[in-house]
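Below, each chain spelled out in residue letters.
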Amino acid sequence: MIRETTFNFSSVKNALSKKAFNFHCPMCNENEFSIVDGFFRHNMENVLDGNFRIGKRYIPSIVTYCNNCGFMNFHALGQLGLIPKEGEV
Ligand SMILES: [Zn+2]
């Protein structure tokens, strides 16, 4: 379970700068990216039964996008050290 967190998005830029040194877009090779001002949740399922479950299991992430072509990259907040990883809470 993830605790409620008020998030400072400038910390995202700092965390990415420490871990991701190559900011060249894989589609157009430009190097200017922006950070989306919000979280994304990738729902995870371990049963394929046709039902859609919301909020049970997910990966909280942020998105950067290429300022030239719009290519989007997803980064897991836990891996960036911005929230506790699963099992660390
Ligand atoms: Zn691009």
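Just so it is clear, the model here is predicted, and its values are computed rather than measured. (Residues numbered from 1 in each chain as written. Predicted model: local features only at pLDDT ≥ 70, side-chain atom pairs only at ≥ 80, totals over all residues.)

1. Looking at the overall build of the protein chain
For the protein chain, the helix and strand inventory stands at one helix and four strands. Starting at the N terminus and walking to the C terminus, you meet the elements of the protein chain as α-β-β-β-β. Counting only residues that meet the buried cut, the protein chain has 8% of its 89 residues in that class. Here the contacts in the protein chain between residues at least 6 apart in sequence split such that 52% fall between residues at least 24 apart. (Helix = DSSP H or I, 4+ residues; strand = E, 2+ residues; numbered from the N terminus. Buried ≥ 20, exposed ≤ 12 C-beta atoms within 10 Å, placed from the backbone. Contact = placed C-beta atoms within 7 Å.)

2. Topic: unusual backbone geometry
Here Asn-29, not a glycine, exhibits a phi torsion of approximately 70°, which is positive. Here Asn-29 shows up in the loop between helix H1 (10-19) and strand E1 (33-35).

3. Quick notes on the confidence of the model for the protein chain
The predicted model of the protein chain has a mean per-residue pLDDT of 81, with 84% of residues at 70 or higher. Mean pLDDT in the protein chain bottoms out at strand E2 (residues 40-43), which sits at 83, and peaks at strand E4 (residues 72-76), which reaches 92. (pLDDT = per-residue confidence, 0-100.)

4. What about the pairing of strand E3 (residues 58-66)?
Relative to E3, E1 is paired through three bridges, and the arrangement is antiparallel. Bridge pairing in E3 links Ser-34 to Tyr-65. Relative to E3, E2 runs antiparallel, the two being bridged by four bridges. Bridge pairing in E3 places Arg-41 opposite Pro-60. Taken together, the five bridges between E3 and E4 define a ladder with antiparallel strand orientation. Residue pairing across strands places Thr-64 opposite Asn-73, the latter belonging to E4. Counting the residues in the hairpin turn of E3 and E4 gives five residues, including Gly-70, whose phi is positive at 85°. (Pairing = 2+ DSSP bridges.)

5. Description of the environment of Asn-8
Note that Asn-8 resides in the segment before H1. Accessibility expressed as a C-beta count within 10 Å gives 10 for Asn-8, which makes it exposed. Residues Asn-8 and Leu-82, 74 residues apart in the sequence, show an inter-C-alpha distance of 9.7 Å.

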